[in-house]
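Residue-level listing of the chains:
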Amino acid sequence: MSAHSVRIQVFRRVVVPRSFGLRTEAVAPEPEAKVSLVPKKIAEAGAWPHSRLPRTHHHVGKGFFVPTTGPSALPVGEWLLVVHHEHASPVVQRLTVERGAKDELHIVGGWKPHVGSKHTAATLTIVGIDHKHASERSANSKQWVVQVRLFARREAVLMTGIEHDISSLGPARRDIMRDRELIDDGALVTWFDCRRREKTTSVASRSKGSWITMSSEKRRGRDRSEKEPFVPGVDFSILDFYAYLNEVGRTHAGSVVEASILSHGFLGGPILFDTNDHSETFTHRDPNDGDGRRKDWLPHEDVSQRLPHLDAAFHREDGTFRVWGCLHQSRITGAAQQALRVADPDEMFTVVAGDLGDVLQERTSRAYLKREMVELMKGTKVHRAQPNGLGEHVPSYPGVASRKLTARVFAAPPGTGANLRLVNQRLSLHVDASPRSEAHGVVAFLEQEFGALAQFDEDGYLDHSVFQQAELNDPGWHTDRWRFEREEGEPGELRLPSGTTIVLVAGGAFSPPVPATTVGAKGHSYRFLHSRIKHALIEGSTRRIILEASPGDLTLHVGFNGVATILTRGARMAKAQPHDIQLETYTTSWNKDERKFLKDDGPPHSLETTSVLERLVPQWYW
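Residues numbered from 1 in each chain as written. Predicted model: local features only at pLDDT ≥ 70, side-chain atom pairs only at ≥ 80, totals over all residues. Heavy atoms only, no water.

Trainee: Help me understand the overall build of the protein, please; the structure alone is not making it clear to me.
Mentor: Within the protein, the regular secondary structure consists of 9 helices and 38 strands. In the protein, which comprises 622 residues, the share counted as buried stands at 54%. The long-range fraction of contacts in the protein, counting pairs at least 24 apart against all pairs at least 6 apart in sequence, stands at 61%. Of the roughly 28,000 Å² that the protein leaves accessible, carbon and sulfur atoms contribute 50%. (Helix = DSSP H or I, 4+ residues; strand = E, 2+ residues; numbered from the N terminus. Buried < 20%, exposed > 50% of the residue type's maximum accessible area, 1.4 Å probe, protein only. Contact = heavy atoms within 4.5 Å. Areas by Shrake-Rupley, 256 points an atom, 1.4 Å probe, with all protein chains shown as cover.)

Structure (structure tokens):
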């Protein structure tokens, strides 16, 4: 080795089998690495990960690489070292070379003025070999070795929402993953920061808690405000997150160990910008919608069609997809708390809840709640979310993702919220399931009903993928199964045991059902005060009854035999008689967030007169 020489030594981590089935990790020389060491000027002309740079060094033994042409002396200046291997995370390191007063060589990580351990990758060690205790502080060495450790290619992909506190969760999560050894020193971390309109890729430095930015794409010079409207092509949306994972799946399959969306959320998906879905059909994305939607994971949806390699991005054993926001629904948390107080799965009880001025009452049971929990995580009935977000017994966003992805999907337990907390002085999210928390009842209910299927991580998030193994129970037919919802300022809606919806008149009310034997059938009778039927609309198996004001009352009897009969308005139950109504077929269309009912122009037989609203097999329908 000549004076002032610099050699590069490359190692890779290997797993060494030992006796009794034990395995341990060791390092071994890596002669197949591609080593490029180029001046800063050449490096700046390329782009991360600089894979097109020419090979400048060749292997001479024991992992040592020397220049292919010319002397091994390295001129003063700023350089870029790039080490690539087919199955390893790339190592891209900036180096600064200087000469001292006595012609000694100085090599430090980084380019001025950003030099030192904070700017030296954790995978690198800069060694002055003519010192007894060689380290990167051996600033007077004339002979140096830059040692590079290659790790199997691994990557974490993060996305954060637009609020300032939410945005700070990105770098915090990066640190927490390193502290918990979820990622190694060579792992890449790609972060989509919606607030800053920036995508960065970073690697850990030798200084604890520091990261080196390897690439950055900022779409606009300034940060966005929370009130600013979403701008397609300028803001990074959930589609950019999906597209990046798809590209990783195409080029480096099996390398993503974690994909995390750190934002607000609801059962229908992550809320990054709080945009609306105004798409014409349920299967397509609205180009002005930047948030995640359940439909993104459906096989026939345009996202799945355009991004066929997304699932391939995840590591087959350790890959996780994490949705950190809320899946809050007070109706579910209230039902879980009451369900824990009853032992009989069929015992009915009433839940009273409300979100943001909405009112909700529901008659349910432990068996019904169990069924809903499974459907939220593995159900197949997916349609557009209702504007009030109160839920429709359809699978949640993580539930649908669990069917699509082979990676394990972690999210809040259905119905629960997510809370901020500090983890090693870093802001993070978790699900608080402590005894007095709102989530405690849901977690306890899941553990009691599903046993080993209820698996939680150290942050309290539920493994939704495991619930793909759960069986859908049949809670049976209960004629007093109902739910009443009213949005603030809107007429209320009552859902019957069959799923048929009764739309009340503005300010109207109904009496909770009472046991009754009418028209030859036992069951429950529902009374709607000062109302009569204006329209009875049928679409396939779906029925929607529109009421209007009337001096009398309307009674509907739901029998144990599955027959629902309209009774004479205002009649006493003992003398009530069937009352004929007209049933009209209809179709529906969506206009923004509103559902429109269109009368069918079909054949005359689409209109009939009957007192039987529905005749069904008594079973679970919701």
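Trainee: How should the packing of helix α6 (residues 330-339) against helix α9 (residues 440-450) be read in this particular structure?
Mentor: How two helices pack is summed up by the angle between their axes together with the distance between the axes. Between α6 and α9, the shortest axis-to-axis distance is 8 Å and the interhelical angle comes to 60°. With respect to α9, the axis of α6 lies oblique. Handedness of the crossing formed by α6 with α9: left-handed. Between α6 and α9, the residues in contact are Ile332, Thr333, Ala336, Gln337 and Ala339 and Gly441, Val442 and Phe445, respectively. (Axes fitted to C-alpha atoms, helices over the stretch in contact; angles between N-to-C directions. Parallel < 35°, antiparallel > 145°, perpendicular 65-115°, else oblique. Left-handed = near helix turned anticlockwise from the far one by under 90°.)

Trainee: Could you clarify how one ought to interpret the packing of aromatic side chains in this entry?
Mentor: Any aromatic ring pair is given by two values, namely how distant the centres are and how the planes are angled relative to each other. Using the criterion set out here, one finds 15 aromatic pairs in the structure. Centre to centre, the rings of Trp477 and Tyr621 are 5.9 Å apart; their planes meet at 85°, and the pair counts as edge-to-face. Within this pair, whereas Trp477 is found in the loop between β25 (462-463) and β26 (482-486), its partner Tyr621 is found in the segment after β38 (612-615), the two being separated by 144 residues in sequence. Of the residues examined, Trp477 reaches a relative accessible area of 15% and is grouped as buried. Tyr621 gets classed as partly exposed once you look at its relative accessible area, which sits at 25%. Three or more aromatic residues joined by ring pairs form one cluster here, namely Phe192, Phe236, Phe241, Tyr242, Tyr244, Trp297, Phe321 and Tyr397. Stacked on the ring of Phe450, the Lys or Arg Lys370 has its end atom at 5.5 Å from the ring centre. One Lys or Arg, Arg481, reaches over the ring of Tyr368 and ends 4.4 Å from the middle of that ring. (Phe/Tyr/Trp six-rings, centres within 6.5 Å; stacked < 30°, edge-to-face > 60°. Lys NZ or Arg CZ within 6 Å of the ring centre and 35° of its normal.)

Trainee: Which parts of the structure should I look at to understand the sheet that holds strand β7 (residues 91-99)?
Mentor: Sheets are built from strands paired through backbone hydrogen bonds, the pairs being either parallel or antiparallel. Pairing within the open sheet is antiparallel, and its 5 strands lie in the order β3-β6-β7-β8-β9. The open sheet has two edge strands with one neighbour each: β3 (34-39) and β9 (114-115). Bridge analysis of strand β8 (residues 105-111) against β9 gives 2 bridges, and the strand direction is antiparallel. Bridge pairing in β9 places Gly110 opposite Val115. (Pairing = 2+ DSSP bridges.)

Trainee: It is not clear to me how helix α3 (residues 169-179) should be interpreted in this structure. Could you clarify?
Mentor: Each α-helix turn comprises 3.6 residues. Residues three or four places apart therefore point the same way. For α3, a buried count of 8 out of 11 residues is recorded, marking the element as mostly surrounded by other parts of the structure. All buried positions along α3 are accounted for by Leu169, Gly170, Ala172, Arg173, Arg174, Asp175, Ile176 and Met177.

Trainee: Please clarify how the sheet that holds β38 should be interpreted in this entry.
Mentor: Within the open sheet, the 5 strands sit side by side as β29-β30-β33-β34-β38. Their pairing is antiparallel. What marks the edges here is a single partner per strand, and that holds for β29 (510-518) and β38. Recorded for the sheet is a direction-independent mean angle of 20° between the axes of neighbouring strands. Pairing analysis gives 3 bridges linking strand β34 (residues 563-567) to β38, with the strands arranged antiparallel. The residue of β38 that forms the bridge with Val563 is Arg615.

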